[in-house]
Amino acid sequence: MKNSDQLEPTVFAIFGGSGDLTSRKLVPALFDLAQDRSLPVQFAIIAVGRTKLGDSQLRQRLRDGVNRFSRFGKLKTAAWNKFAPHIHYQQGDYRKPGTYAALGARCDALERAWGTKARRIFYLATPPSLFGVIPRYLGKAGLARDREWARIVVEKPIGHDLNSALALNTVLRASFEESQIFRIDHYLGKETVQNILAFRFANPLFEPIWNRRYVDYVTITVAEAVGVEQRGENYDHAGALRDMVQNHLFQLLCLVAMEPMVSFEADEIRNKKVDVLHAVRPIHHDAVHECAVRGQYGPGRDGGTKMTGYREEDNVAPDSPTETFVALRLMIDNWRWQGVPFYLRTGKRLPRQVSEVAIQFRAVPHQSFPPDASLGWQPSRLVMSIQPDEGIVLGFQAKYPGPKMQLRPVDMRFNYRESFDAPSPDAYETLLWDVMKNDATLFMRADQVEAAWRLLTPVLDVWAATPPGDFPNYAAGSWGPESTQGLLLPGQRWPVPTELRRPKTLPKTRAGRRPSPVPVDAPKNLNRKSSR
Ligand code: BG6
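Sequence order as written defines residue numbering, which begins from 1 separately in each chain. Selection of residues for local features in this predicted model requires a pLDDT of at least 70, selection of side-chain atom pairs for listing and counting requires 80 or more, and totals for whole chains, interfaces and linings are taken over all residues. Calculation of side-chain values draws on the structure's entire complement of heavy atoms; hydrogens and water are dropped beforehand.

Overview of the overall build of the protein chain
Alright, step 1. Per the convention used, a helix needs a DSSP run of H or I reaching at least four residues, while a strand needs a run of E reaching at least two, with both numbered from the N terminus. A tally of helices and strands in the protein chain yields 14 helices and 18 strands.
Alright, step 2. In this setup the radius of gyration rests on C-alpha atoms only. A globule is expected at 2.2 Å times the number of residues raised to 0.38. In terms of overall dimensions, the protein chain is globule-like: its C-alpha atoms have a radius of gyration of 25 Å, near the 24 Å expected for 532 residues.
Alright, step 3. Taken over 532 residues, the protein chain has a buried fraction of 54%.
Alright, step 4. Any two residues whose heavy atoms approach within 4.5 Å at even a single point are treated as in contact. Expressed as a percentage of contacts within the protein chain between residues at least 6 apart in sequence, the contacts between residues at least 24 apart total 78%. Buried means the residue's accessible area, taken with a 1.4 Å probe over protein chains only, is under 20% of the maximum for its type, while exposed means over 50%, and partly exposed covers the values in between.

Here it is, written out as structure tokens:
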């Protein structure tokens, strides 16, 4: 890792500089990097915004954000006083060339003061409607011209559908080269998401069984307990498929299903990921109802507390057809995964926040234990837990102590917090650091974004053409609509999300033994033999 003396001087220009993303995520992440001495000595943030503000007003606003969201906890005045002078504000209209000329002049002045050339990173933290506007002006102002030193960072959503994504990528590439464009999907910055690569490809143990011979099916769950919160207006035009599946869930799918990379080069990894999306069996329009389920939460209860339904949330249409839940069954047509279903589900107002990937292994080819030994038998399952717990759980069979041969499921757990004496950085910290280092591994390339939209286009089309007749179809606080069960092939099931924290020890029985735990989601066909 380079330290602050070795990093190139950097100007971080944030469009949308007076907005929410800047104060909640970007500046706290930059502040945290500064505390870790991971920012260059010559460093400036230029926040560009439409609001009339002075430097000191902006700094006060950003101070509050850092105080609330920095991973270093309550802000120390000395640390802030050292950081704050790096922040400047520039008011300007995003559709006026003068704004960009002024920004360029400011960058030039900083470079003159530092006596050296600086990296110029342009971060679009604006509403998506400006994503197609700002890059054009940056290009016209000559600010994108230096292929080595100028970079642009774009947040999701990259388009609203395939055509708008193609159009946006065209605009970006009219001014910047692909190597200068960093498309953020913040899921890729999460430690446990990156750990999927380490787990799969740094351990020779798992790769040989990571295929259709041993894996029965895979589930990817990204569940949120929160509702739509204050984002009703934007969310109501998006829905869960666009908001979560096209990006975050597909990133997880790619990392779980990709072939081993030859090297750790950004494009090598991105090639392998995009290969997965190209191998996903296209969903035909007339098969959408067989492989996709949508849902919308209605009112519900969390203990004694009443939770509002989606249609009663602020800025949501009272007859909104927008989905807040999606489940999909996808098949990957390649040698490794032929015949293995990948089930994806995500939703708001589910019982708890949990993101995990569960690899359900197949049954043993021949069950040689006597039937009463294997009553609680479950095939092995590996769960990669992304949040809120971070770690890996391997469930397998063990002999229950005693004279009789009895098999019981047990877990082996790896927990990040217990194993490493180091806090996980926020995803934005990792991603901003990578932009500065010019490492595009964790960013979405144009072709991946487009492949993801292409896959989902039939689902978007069919759902738009057939408004849901049954919304709301799940109660807030439940695991989504009943119809998600219909996606599963016989003998398969949605897993009960894993708790990484060790379950409380069971009380001893009178005989001094602990009762064997009853598996909560044991498959019904316990002795099902492998059919492949
Ligand atoms: C965002 C979505 O990309 O991810 C939100 O727009 C969602 O709707 C959020 O709540 C979830 O991110 P995380 O990191 O909290 O799992």
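Concerning the site of the ligand
Alright, step 1. Residues in contact with the ligand, as listed here, are Lys156, His186, Tyr187, Lys190, Glu224, Arg231, Asp243, Met244, His248, Lys348 and Gln387.
Alright, step 2. Definition of a polar contact: a pair of N or O atoms within 3.5 Å, with one able to donate and the other able to accept a hydrogen when the atoms are protein atoms, and with sequence-neighbouring residues admitted only if both atoms are side-chain atoms. A distance of 2.7 Å separates an oxygen atom of the ligand from a polar side-chain atom of His186.
Alright, step 3. Computed with the Shrake-Rupley method and a 1.4 Å probe, the accessible areas treat only the protein chains shown as cover for residues. Computed on the free molecule, the ligand has an accessible area of 390 Å², of which 77% lies beneath the protein chains in the complex.
Alright, step 4. Sorting elements by how many residues they give to the shell around the ligand places helix α9 (residues 240–257) first, with 3 residues.
Alright, step 5. Three classes are used: nonpolar for Ala, Val, Leu, Ile, Met, Phe, Trp, Tyr, Cys and Pro, charged for Asp, Glu, Lys and Arg, and polar for all others, with Gly counted as polar. A per-class count over the shell around the ligand returns 2 nonpolar, 3 polar and 6 charged. Nearness here has a simple test: a residue counts as near a molecule or strand if at least one of its heavy atoms is within 4 Å of that partner.

A few points about the pattern of salt bridges
Alright, step 1. By salt bridge we mean one thing: a side-chain nitrogen of Lys or Arg within 4 Å of a carboxyl oxygen of Asp or Glu. Under the defined criterion, the tally for this structure stands at 27 salt bridges.
Alright, step 2. Asp243 is the partner of Arg231 in a salt bridge, and the nearest nitrogen-oxygen pair spans 3.4 Å. Within this pair, whereas Arg231 is found in the loop between β7 (215–223) and α8 (232–236), its partner Asp243 is found in helix α9, the two being separated by 12 residues in sequence.
Alright, step 3. We classify Arg231 as partly exposed; its relative accessible area is 39%.
Alright, step 4. Residue Asp243 is classed as buried on the basis of its relative accessible area, which comes to 7%.

Observations concerning the packing of helix α6 (residues 162–175) against helix α14 (residues 446–465)
Alright, step 1. Inter-axis angles, ranging from 0 to 180 degrees, are taken between N-to-C directions of lines fitted to C-alpha atoms, where helices are fitted over the stretch in contact. Following both chains from N to C, one finds α6 and α14 inclined at 165 degrees, their axes separated by 9 Å at the closest point. On the basis of the axis angle, α6 is roughly antiparallel to α14. In this structure, α6 meets α14 at a crossing whose hand is left-handed. Facing Leu162, Ala165, Leu166, Asn169 and Arg173 of α6, the residues of α14 in contact are Ala446, Val449, Glu450, Trp453, Arg454 and Thr457.
Alright, step 2. Here the residues of the contact of α6 with α14 sort into 6 nonpolar, 2 polar and 3 charged. Should an angle lie under 35 degrees it is considered roughly parallel, over 145 roughly antiparallel, and from 65 to 115 roughly perpendicular; all remaining angles are considered oblique. Note on convention: near helix rotated counterclockwise from far helix by under a right angle means a left-handed crossing. Clockwise means right-handed.

Digging into the environment of Lys348
Alright, step 1. Here Lys348 shows up in the loop between β13 (341–347) and β14 (354–361).
Alright, step 2. Since its relative accessible area comes to 5%, Lys348 is described here as buried.
Alright, step 3. Counting along the chain gives 121 residues from Lys348 to Gly227, while the straight-line C-alpha distance between them is 5.2 Å.
Alright, step 4. Apart from residues lying up to four places away in sequence, Lys348 is in contact with Glu224, Val226, Gly227, Val228, Arg231, Tyr235, Asp243, Tyr297, Thr324 and Tyr474.

Here we look at the sheet that holds strand β1 (residues 10–15)
Picture the strands of a sheet paired through backbone hydrogen bonds; they go either parallel or antiparallel.
Alright, step 1. When DSSP finds two or more bridges between two strands, those strands count as paired. If you walk across this open sheet you meet the 6 strands as β3-β2-β1-β4-β5-β6, and the pairing is parallel. Each edge of the sheet is formed by a strand with only one pairing partner; in this case those strands are β3 (87–91) and β6 (181–184). Across the sheet, the axes of successive neighbouring strands diverge by a mean angle of 20 degrees, strand direction being ignored.
Alright, step 2. The pairing of strand β2 (residues 43–49) with β3 spans 5 bridges and is parallel. Residue pairing in the sheet places Ala47 in a bridge with Tyr89 of β3.

Observations concerning the pairing of β6
Alright, step 1. The alternating pattern of β6 places Ile181 and Arg183 on one face and Phe182 and Ile184 on the opposite face, and all of these are buried.
Alright, step 2. Across 4 bridges, strand β5 (residues 150–155) lies against β6 in parallel orientation. Of the residues in β6, the one forming a bridge with Val154 is Arg183.
Alright, step 3. The parallel pair β5 and β6 is bridged by α6, and the resulting crossover is right-handed. By convention, a crossover is right-handed whenever its connection, traced from the first strand over the helix to the second and viewed with the strands pointing away, goes clockwise.

As for the packing of helix α1 (residues 20–35) against helix α13 (residues 427–437)
Alright, step 1. Their axes nearest at 9 Å, the elements α1 and α13 cross at an angle of 70 degrees. It follows that α1 is roughly perpendicular to α13 by the angle criterion. In this structure, α1 meets α13 at a crossing whose hand is right-handed. Across the interface between the two elements, Leu21, Lys25, Leu26, Ala29, Leu30, Asp32 and Leu33 of α1 pack against Tyr428, Glu429, Leu432, Trp433 and Met436 of α13.
Alright, step 2. Of the residues assigned to the contact of α1 with α13, the class counts are 9 nonpolar, no polar and 3 charged.

Observations regarding the packing of aromatic side chains
Alright, step 1. Working definition: a ring pair exists when centres of Phe, Tyr or Trp rings (six-membered ring for Trp) sit within 6.5 Å. Plane angles under 30 degrees give stacked, over 60 give edge-to-face, the rest tilted. The full count for this structure, using the stated rule, is 21 aromatic pairs.
Alright, step 2. Plain terms: the ring middles of Phe31 and Phe83 are 5.3 Å apart, the flat faces sit at 90 degrees to each other, and that makes the pair edge-to-face. Residue Phe31 is found in helix α1, and its partner Phe83 is found in helix α3 (residues 77–83); the two are separated by 52 residues along the sequence.
Alright, step 3. With a relative accessible area of 4%, Phe83 lands in the buried category.
Alright, step 4. In this structure an aromatic cluster arises from ring pairing among Tyr235, Tyr297, Tyr310, Phe325 and Tyr474.
Alright, step 5. In this analysis the charged atom, NZ for Lys or CZ for Arg, is taken to sit over a ring once it is within 6 Å of the ring centre and within 35 degrees of the ring normal. Just above the ring of Trp149 sits the side chain of Arg119; from NZ or CZ to the centre is 4.7 Å.
Alright, step 6. The side chain of Lys140 reaches across the aromatic face of Tyr137, ending 5.2 Å from its centre.

Overview of α9
Alright, step 1. With 18 residues, α9 extends just 22 Å between its outermost C-alpha atoms, more than 12% less than the 26 Å of an ideal straight helix rising 1.5 Å per residue.
Alright, step 2. Of all 18 residues that make up α9, 17 are buried, and the element is covered over most of its length. Any helix carries an expected span of 1.5 Å times its number of residues minus one.

Focus: the confidence of the model for the protein chain
Alright, step 1. In the predicted model, the protein chain carries a mean pLDDT of 91, and the fraction of residues at 70 or more is 93%.
Alright, step 2. This model gives residues 504–532 a pLDDT under 50, and the stretch forms 58 contacts once residues within four places in sequence are excluded. pLDDT gives the predictor's per-residue confidence on a scale running from 0 to 100.

Details of α14
Alright, step 1. Between its first and last C-alpha atoms α14 spans 28 Å; for 20 residues at 1.5 Å apiece the expected length is 28 Å, and the two agree.
Alright, step 2. In α14, a bend of some 45 degrees at Leu456 exceeds every other bend along the element, and Pro458, a proline, comes one to four places later. The term bend refers to the angle at a residue between two fitted axes, each drawn through seven residues, those ending there and those starting there.

A short note on unusual backbone geometry
Alright, step 1. Between Gln387 and Pro388 the backbone carries a cis peptide bond, its omega angle lying at 0 degrees.
Alright, step 2. Here Pro388 shows up in the loop between β15 (381–387) and β16 (391–399).
Alright, step 3. Each neighbour pair has its own omega, and for Phe471 with Pro472 the value is -5 degrees, a cis peptide bond.
Alright, step 4. Following the sequence through the fold, Pro472 ends up in the loop between α14 and β18 (474–475).
Alright, step 5. Backbone geometry at Arg349 places phi at a positive 60 degrees, although glycine is not the residue there.
Alright, step 6. Looking at the element boundaries, Arg349 is found in the loop between β13 and β14.
Alright, step 7. Owing to a relative accessible area of 18%, Arg349 belongs among the buried residues under this scheme.
Alright, step 8. Backbone geometry places Asn438, a non-glycine residue, at a positive phi of 65 degrees.
Alright, step 9. As for its position among the elements, Asn438 is in the loop between α13 and α14.

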